[in-house]
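Okay, here's what each chain looks like letter by letter:
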Amino acid sequence: MTGLAIEAEPAYRTAAANPYNALLADALQERGARVRDLGYLRLATRRVDIVHLHWPDLTFLSGHRMSIVRARLFLFGLALRLARLRGTRLVWTVHNLEAHEHRATPALRARLHRLLVSELDGVLALSETGLALARERYPELRAVPGFVTPHGHYRDAYDWSIGREEARELLGIPAEARVAVAVGQIRPYKNIPALLAAFREVEGDDLVLAVAGRPSSPELASELQELAAQDPRVQLDLAFQDDARMVAYLRAADLVVLPYRAVLNSGSAILAVSAGRPVLVPALGSLVELGEQLGADWVRTFADEVEPADLAAAFDWATDAGRPPEPPLEPLEWDTVAHTTLAAYTAVRTAPRVPAARREPPT
């Protein structure tokens, strides 16, 4: 089905921070859909085939004034009820099982959850594992159709032309070092202190660990500085990284390490392989499937907490001269993602709505 009218939250408005949604919207439009950022007035008054939510907590619960949060929930619920009269359907891509930071009060979070449970017509996940875990965490999702729509790559979203030597010169990283990088906003769930502690136990004067990104709190920044001071091989850059600096760190790397303690999906892992760099990641969520898609040359996993032995082995693996020059990103092409997403939209549009009585969690 082409010509679908899609209200996505978000579609294009977050493109500067993360191009994922804009890349998806572009790919859908190339296949004939019309995609816009969610507008309540348009939802209430015009034909909308699909409302596609990505991070409901960010959409509805952000902000310090709870009166605005309540108004946002009320207006969306009202606009959606009016849109239902014209056949609108609601889908949610489950990017995370839990929000990384809880927003609003427990009562408002519960209100958003009830709204989703009562209104959802379909659930999308980025992997089979993600779909199964989402239904395990939220049993109500078993009542509505589920679909897998992969996370597309970032190969065409950034300028990756800077070479390893040039990137290292720019960042002050020794040209002959074996370099592991962790780049991006630093939040507690990303477990960067554990990475620094493990790296300190790995032998090798030729090793460098570069950690670049803005910590989410002064306390976390202080902890990282204290740990880094214990190992001269650690290079800290605790500031916001614009696109050019982020690209430079990735292209300077031999290895990208994502030591998450809990994760369902990782756009950062896909960003790293899009830069042509292998990744070390936990065997959690969709990351095991990512390894199956891209192969053992590009994705290596560890169990539980990252250990010194994991890092030592990963440095050797990442600098193996036998690795192909580019990862096989064909499974993550955006046209493929758009095709599977449109197929999910069409299935949701043509299926009868699930009665409210069937949406309650099993007892």
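This text goes with the structure placed above it.
Described below are features of the structure shown in this document. Keep in mind the model is a prediction, meaning the values are calculated, not measured.

## What about helix 5 (residues 106-119)?
Step number 1: With 14 residues, helix 5 should cover 20 Å at 1.5 Å per step; its first-to-last C-alpha distance of 20 Å lies within 8% of that length.
Step number 2: Of all the positions in helix 5, only L108, L112, L115, L116, V117 and E119 are classed as buried.
Step number 3: Next to the buried residues of helix 5 lie strand 3 (50-53), helix 3 (56-61), helix 4 (66-84) and strand 4 (89-93).

## Some details on the pattern of salt bridges
Step number 1: Summed over all chains, the structure comprises 17 salt bridges.
Step number 2: The residue E7 makes a salt bridge to R42 at a minimum N-O spacing of 2.7 Å. With E7 in strand 1 (residues 5-9) and R42 in helix 2 (residues 40-45), the pair connects residues that are 35 residues apart, well separated along the chain.
Step number 3: Looking at R42, the relative accessible area reads 23%, which means it is partly exposed.
Step number 4: With a closest N to O distance of 3.1 Å, R84 and E119 form a salt bridge. One end of the pair, R84, is in helix 4; the other, E119, is in helix 5, and 35 residues separate them in sequence. For the pair shown, R84 and E119 are each scored as buried.
Step number 5: One network of salt bridges, with partners in common, ties together R84, E119, D121 and R353.

## Considerations on the sheet that holds strand 1
Step number 1: Strand order in the open sheet formed by 6 strands is 2-1-3-4-5-6, and the pairing between neighbours is parallel. The sheet is open, and its two borders are formed by strand 2 (34-37) and strand 6 (146-148), each paired with just one other strand. Across the sheet, the mean angle from the axis of one strand to that of its neighbour is 25 degrees, orientation sign disregarded.

## Remarks on empty space enclosed by the protein
Step number 1: Across all of its chains, the model carries 2 cavities of 30 Å³ or more by this definition.
Step number 2: Taken as a whole, the largest cavity spans an internal volume of roughly 100 Å³.
Step number 3: A182, V183, G184, K190 and I192 are the residues nearest the centre of the largest cavity, which is lined by 14 residues in total.
Step number 4: Of all the secondary-structure elements, those providing two or more residues to the lining of the largest cavity are strand 7 (178-183) and strand 8 (207-212).
Step number 5: In the lining of the largest cavity, the residues fall into 10 nonpolar, 3 polar and 1 charged.
Step number 6: A volume near 60 Å³ is recorded for the second largest cavity.

## A short note on the packing of aromatic side chains
Two aromatic rings, taken as a pair, are described by how far apart their centres are and by the angle between their planes.
Step number 1: What the rule picks out here adds up to 9 aromatic pairs.
Step number 2: Seen from their ring centres, Y20 and W55 are 6.4 Å apart, and the 70 degrees between their planes marks the pair as edge-to-face. Here W55 lies in the loop between strand 3 and helix 3 and Y20 lies in helix 1 (residues 20-30), a separation of 35 residues in the sequence.
Step number 3: Classification of Y20 by relative accessible area gives buried; the value is 2%.
Step number 4: Considering the side-chain rings of W92 and Y138, the 6.1 Å spacing of their centres and the 55 degrees angle between planes classify their relative orientation as tilted. Here the residue W92 occupies a position in strand 4, and Y138 occupies one in the loop between helix 6 (128-137) and strand 6, the gap between them amounting to 46 residues.

## With respect to the nonpolar core
A general feature of soluble globular proteins is that nonpolar side chains tend to end up buried together.
Step number 1: One finds L28, V35, L250, L290, L294 and Y345 to be the most contacted residues of the largest nonpolar core, which totals 64 residues.
Step number 2: Counting residues per element, this core draws most heavily on helix 14 (residues 334-350), which supplies 7 residues.
Step number 3: Listed in part, the 33 residues of the second largest apolar core include L53, F60, L80 and L112.

## Digging into the sheet that holds strand 7
Step number 1: With parallel pairing, the 6 strands of this open sheet are ordered in space as 9-8-7-10-11-12. With one partner strand each, in any of the chains shown, strand 9 (234-237) and strand 12 (299-302) form the two edges of the open sheet. The average undirected angle you get between the axes of adjacent strands in this sheet is 25 degrees.
Step number 2: One ladder, built from 6 bridges, connects strand 7 with strand 8; its direction is parallel. For V179, the partnering residue across the bridge sits in strand 8 and is V208.

## Topic: the pairing of strand 2
Step number 1: Where strand 1 meets strand 2, 4 bridges bridge the pair, whose relative direction is parallel. When the bridges of strand 2 are listed, I6 appears paired with V35.
Step number 2: Of the crossover connections in this fold, the one passing from strand 1 over helix 1 to the parallel strand 2 is right-handed.

## Side note on the packing of helix 4 against helix 5
Step number 1: Helix 5 packs onto helix 4 with a crossing angle of 10 degrees between their chain directions and a minimal axis gap of 11 Å. Overall, the two elements helix 4 and helix 5 adopt an arrangement that is roughly parallel. On helix 5, the residues that touch M66, V69, R70, L73, F74, F76, G77, L80 and R84 of helix 4 are L108, R111, L112, L115 and E119.
Step number 2: For the contact of helix 4 with helix 5, the per-class residue count stands at 9 nonpolar, 1 polar and 4 charged.

Rules and cut-offs
- Residues numbered from 1 in each chain as written.
- Predicted model: local features only at pLDDT ≥ 70, side-chain atom pairs only at ≥ 80, totals over all residues.
- Heavy atoms only, no water.
- Helix = DSSP H or I, 4+ residues; strand = E, 2+ residues; numbered from the N terminus.
- Expected span 1.5 Å × (residues − 1).
- Buried < 20%, exposed > 50% of the residue type's maximum accessible area, 1.4 Å probe, protein only.
- Contact = heavy atoms within 4.5 Å.
- Salt bridge = Lys/Arg side-chain N within 4 Å of Asp/Glu carboxyl O.
- Pairing = 2+ DSSP bridges.
- Axes fitted to C-alpha atoms, helices over the stretch in contact; angles between N-to-C directions.
- 1 Å grid on protein atoms, 1.4 Å probe; cavity = no way out; pocket = protein on both sides within 12 Å on 5 of 7 lines; lining within 4 Å.
- Points joined across faces, edges and corners; volume = space filled by probe spheres on them.
- Nonpolar A, V, L, I, M, F, W, Y, C, P; charged D, E, K, R; others polar.
- Phe/Tyr/Trp six-rings, centres within 6.5 Å; stacked < 30°, edge-to-face > 60°.
- Core = buried A, V, L, I, M, F, W, Y, C linked by side-chain atoms within 4.5 Å.
- Right-handed = clockwise from strand over helix to strand, strands pointing away.
- Parallel < 35°, antiparallel > 145°, perpendicular 65-115°, else oblique.

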